[in-house]
Amino acid sequence: AQSVTQPDIHITVSEGASLELRCNYSYGATPYLFWYVQSPGQGLQLLLKYFSGDTLVQGIKGFEAEFKRSQSSFNLRKPSVHWSDAAEYFCAVGGYGGSQGNLIFGKGTKLSVKP
Amino acid sequence: DSGVTQTPKHLITATGQRVTLRCSPRSGDLSVYWYQQSLDQGLQFLIQYYNGEERAKGNILERFSAQQFPDLHSELNLSSLELGDSALYFCASSIGTEVKETQYFGPGTRLLVL
């Protein structure tokens, strides 16, 4: 069965520092991978997604993620964090491939940003 | 603003009661998904509807049911409520049924069962 692991429950970084949030997935075939962000009191917003092709994916708000099949990872990165990036970040894998759309989410990583 | 609306925003009720959560998808989206977010289980997929028909089922309890109406809005019915049903319930919508399509999430309905 598909699963997603986000090893870090909470990360604190200083404003302007770089960020990497880890995500490992378990899936038999080529996965459909997503990163979502949830700001306090808000719904989830898609940052980026990967299906195939270039393993480095660019998203919104200056985020990028790299798919590494050999490590079953899809880590999210940002070169310079802004205070407004403080939120909870969820990695997800597509449930069953093309014909069913549900997502399987990791437990999330809460990001705090120090001034 | 994702374009997905959910009502009510907050709901407080007692154990054993029944509630209905409502979701209006983005204009043009035919798929509606329901997810439950709780502290212990995280974000879990409950059920998906596409153009009025049930498309996929996840970890949805038998006490819970959903439907999608001809105008494409959806309702999630939760009955015989238990304390453990307290959670944030999200609705999401997408154009079709494929997982590669972006799902747009509503702001959620926070349910508290006392």
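Here we summarise the structure given alongside this text. (Residues numbered from 1 in each chain as written. Chains lettered and ligands numbered in written order. Predicted model: local features only at pLDDT ≥ 70, side-chain atom pairs only at ≥ 80, totals over all residues. Heavy atoms only, no water.)

### Focus on the sheet that holds strand β7 (residues 64-68) of chain B
Residues and elements named next belong to chain B.
- In spatial order, the strands read β1-β3-β8-β7; together these 4 strands make up an open sheet with antiparallel pairing. The sheet terminates laterally at β1 (5-7) and β7, the two strands that pair on one side only. Ignoring which end each strand starts from, the neighbouring axes of this sheet average 15° apart.
- Bridge count between β7 and strand β8 (residues 74-78): 5 bridges; the pairing is antiparallel. (Pairing = 2+ DSSP bridges. Helix = DSSP H or I, 4+ residues; strand = E, 2+ residues; numbered from the N terminus. Axes fitted to C-alpha atoms, helices over the stretch in contact; angles between N-to-C directions.)

### Focus: unusual backbone geometry
Residue and element names in this part refer to chain B.
- Note the cis peptide between Thr 7 and Pro 8, where omega equals -10°.
- By secondary structure assignment, the location of Pro 8 is in the loop between β1 and β2 (10-13).
- Phi at Asn 51 takes a positive value of approximately 50°, unusual for a residue other than glycine.
- Position of Asn 51 among the secondary structure elements: in the loop between β5 (42-50) and β6 (53-57).
- The partly exposed category is assigned to Asn 51, whose relative accessible area is 46%. (Buried < 20%, exposed > 50% of the residue type's maximum accessible area, 1.4 Å probe, protein only.)

### Quick word on the layout of surface pockets
- Estimated volume of the largest pocket: approximately 610 Å³.
- Residue lining of the largest pocket: 25 residues in total, with Gln 38 and Glu 88 of chain A together with Gln 37, Ser 38 and Leu 39 of chain B positioned closest to the centre.
- Among the elements of the structure, β10 (87-94) of chain A together with β4 (31-38), β5, β9 (87-94) and β11 (109-113) of chain B are those that each provide at least two residues to the lining of the largest pocket.
- Counted by class, the lining of the largest pocket contains 10 nonpolar, 10 polar and 5 charged residues.
- Considered as a void within the structure, the second largest pocket measures approximately 370 Å³ in volume.
- Lining the second largest pocket are 19 residues; nearest its centre among them are Gln 42, Gly 43, Leu 44 and Gln 45 of chain A together with Ser 2 of chain B.
- When contributions to the lining of the second largest pocket are tallied by element, the ones reaching two or more residues are β5 (33-38) and β6 (44-50) of chain A together with β10 (104-105) of chain B.
- It is β6 of chain A that contributes the most residues to the lining of the second largest pocket, 3 residues altogether. (1 Å grid on protein atoms, 1.4 Å probe; cavity = no way out; pocket = protein on both sides within 12 Å on 5 of 7 lines; lining within 4 Å. Points joined across faces, edges and corners; volume = space filled by probe spheres on them. Nonpolar A, V, L, I, M, F, W, Y, C, P; charged D, E, K, R; others polar.)

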